Amino acid sequence: MTRRGFYTMGLWLPVSWPVIISLGEAFLHAFTWHQMSRVSGLILISGLFGGIQYVLFAALVSFRFAHKEMDAIDRSKWLMPMIFAPICSGGLWLFIKAISIKASQLQVRTAEIAPIDPMSVVWNIFIFVLAIGYCYLIVLHALLFILDKIGFLED
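We now turn to the structure provided with this report. All values derive from a computational prediction rather than experimental measurement. Within each chain, residues carry numbers counting from 1 in the order of the written sequence. Since the coordinates come from a predicted model, pLDDT governs what is reported: local features require at least 70, and pairs of side-chain atoms require 80 or more to be given and counted, while whole-chain, interface and lining totals use all residues. Side-chain measures here rest on the full set of heavy atoms in the structure, leaving out hydrogens and waters.

1. Overview of the overall build of the protein
Phase 1: Under the scheme used here, helices are H or I runs from DSSP no shorter than 4 residues and strands are E runs no shorter than 2 residues, and both carry numbers assigned from the N terminus. Looking only at helices and strands, the protein features 5 helices and 0 strands.
Phase 2: When its helices and strands are written in sequence order, the protein yields α-α-α-α-α.
Phase 3: For every residue, the accessible area obtained with a 1.4 Å probe (protein chains only) is divided by the maximum for its type, and the residue is called buried under 20%, exposed over 50%, and partly exposed between those limits. Looking at the 155 residues of the protein, the share that counts as buried comes to 27%.
Phase 4: Working rule for contacts: check all heavy atoms of both residues, and any pair within 4.5 Å makes them a contact. Considering only residue pairs separated by 6 or more positions, the protein has 77% of its internal contacts joining residues 24 or more positions apart.
Phase 5: Each accessible area is a Shrake-Rupley estimate made with a 1.4 Å probe; only the visible protein chains count as cover when residues are assessed. As displayed, the protein has an accessible area near 10,700 Å², and 74% of this comes from carbon and sulfur atoms.

As structure tokens, this is what we get:
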């Protein structure tokens, strides 16, 4: 495996493992929505809050990785969480605003329910995405180091 292939695999891994887990649950259990495990629920929520943004981001970065030198990829990988965090937060902000507009049109809110503050949610997601992104990069970097030491990677 080449380093470029490893980076591309690492980029698409967050998209592929939730699909594999969901399909495994679907085929291994009598799967209905009422018997959904915590893992499937987490996958659905993460897909709702950042999945679409991440798929678009991964497609763009994969295209860019294909046309860059390895030195540039090595340098830019540490910037990826800083680039994705505003994309994810912006998509979530649009989602919350659309839901708020629809709820106000349907007059769903009552006096007892406080409206959602989109900016507090967006900032929390921004910080969460940064933390998860850099933790994921550290794990990938450690795995890259191990694979490089055993000679699995080629230049």
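What follows continues from the structure just given.
2. Side note on the pattern of salt bridges
Phase 1: Salt bridge, as used here, is a side-chain nitrogen of Lys or Arg placed within 4 Å of a carboxyl oxygen of Asp or Glu. A complete count under the given rule lists 1 salt bridge for this structure.
Phase 2: Taking the shortest distance from any N to any O, the salt bridge between D148 and R3 comes out at 3.0 Å. Of the two residues, D148 sits in helix α5 (residues 118-149) while R3 sits in helix α1 (residues 3-28), which places them 145 residues apart along the sequence.

3. Overview of helix α4 (residues 80-106)
Phase 1: With 27 residues, α4 should reach 39 Å at 1.5 Å per residue; the first-to-last C-alpha distance of 39 Å fits that figure.
Phase 2: Within α4, burial applies to M80, P81, F84, A85, C88, S89, L92, I96, S100 and A103. One less than the number of residues in a helix, times 1.5 Å, gives the span that helix is expected to have.

4. Things to note about the packing of aromatic side chains
Phase 1: A pair of Phe, Tyr and Trp rings is counted when the ring centres sit within 6.5 Å of each other, with Trp represented by its six-membered ring. The angle between the planes then sorts it: under 30 degrees is stacked, over 60 is edge-to-face, the rest tilted. Across all of its chains, the model carries 5 aromatic pairs by this definition.
Phase 2: With a centroid separation of 5.1 Å and 40 degrees between ring planes, the pair formed by F57 and F84 is classed as tilted. With a gap of 27 residues between them, F57 in helix α2 (residues 38-66) and F84 in helix α4 connect regions that are remote in the sequence.
Phase 3: Given a relative accessible area of 10%, F84 falls into the buried group.
Phase 4: Taken together, the ring pairs connect Y54, F57 and F84 into an aromatic cluster.

5. Digging into α5
Phase 1: For α5, with 32 residues, the first-to-last C-alpha span of 46 Å sits near the 46 Å given by 1.5 Å per residue.
Phase 2: Taken together, the buried positions of α5 are P118, V122, I125, F126, V129, L130, G133, L137, L140, L144 and L147.

6. Notes on a nonpolar patch on the surface
Phase 1: For patch building, the residue pool is restricted to those with more than 30% relative accessible area and no salt bridge; the joining distance is 9 Å between like charges and 5 Å between nonpolar side chains (Val, Leu, Ile, Met, Phe, Trp, Tyr). Together, M1, M9, F145, I146, I150 and F152 make up an exposed nonpolar region whose accessible area comes to about 610 Å².
Phase 2: Looking at the element boundaries, M9 is found in helix α1.
Phase 3: According to the relative accessible area criterion, M9 is partly exposed, its value standing at 36%.

7. Remarks on the packing of α4 against α5
Phase 1: Helix axes are fitted to C-alpha atoms over the stretch in contact, other axes to C-alpha atoms as well, and angles between N-to-C directions run from 0 to 180 degrees. Between α4 and α5, the shortest axis-to-axis distance is 8 Å and the interhelical angle comes to 150 degrees. Classed by the angle they form, the pair α4 and α5 counts as roughly antiparallel. Crossing handedness for the pair α4 and α5: right-handed. Packed against α4, whose contacting residues are P81, M82, F84, A85, P86, C88, S89, L92, W93, I96 and K97, the element α5 presents P118, M119, V121, V122, I125, F126, V129, L130, G133, Y134 and L137 at the interface.
Phase 2: Across the contact of α4 with α5, the residue classes tally to 19 nonpolar, 2 polar and 1 charged. Any angle from 65 to 115 degrees is called roughly perpendicular, while one under 35 is roughly parallel, one over 145 is roughly antiparallel, and all others are oblique. The crossing is said to be left-handed when, going from far helix to near helix, the turn is anticlockwise and less than a right angle, and right-handed when the turn is clockwise. By the convention adopted, Pro, Cys, Tyr, Trp, Phe, Met, Ile, Leu, Val and Ala count as nonpolar, Lys, Arg, Asp and Glu as charged, and the other residues, Gly among them, as polar.

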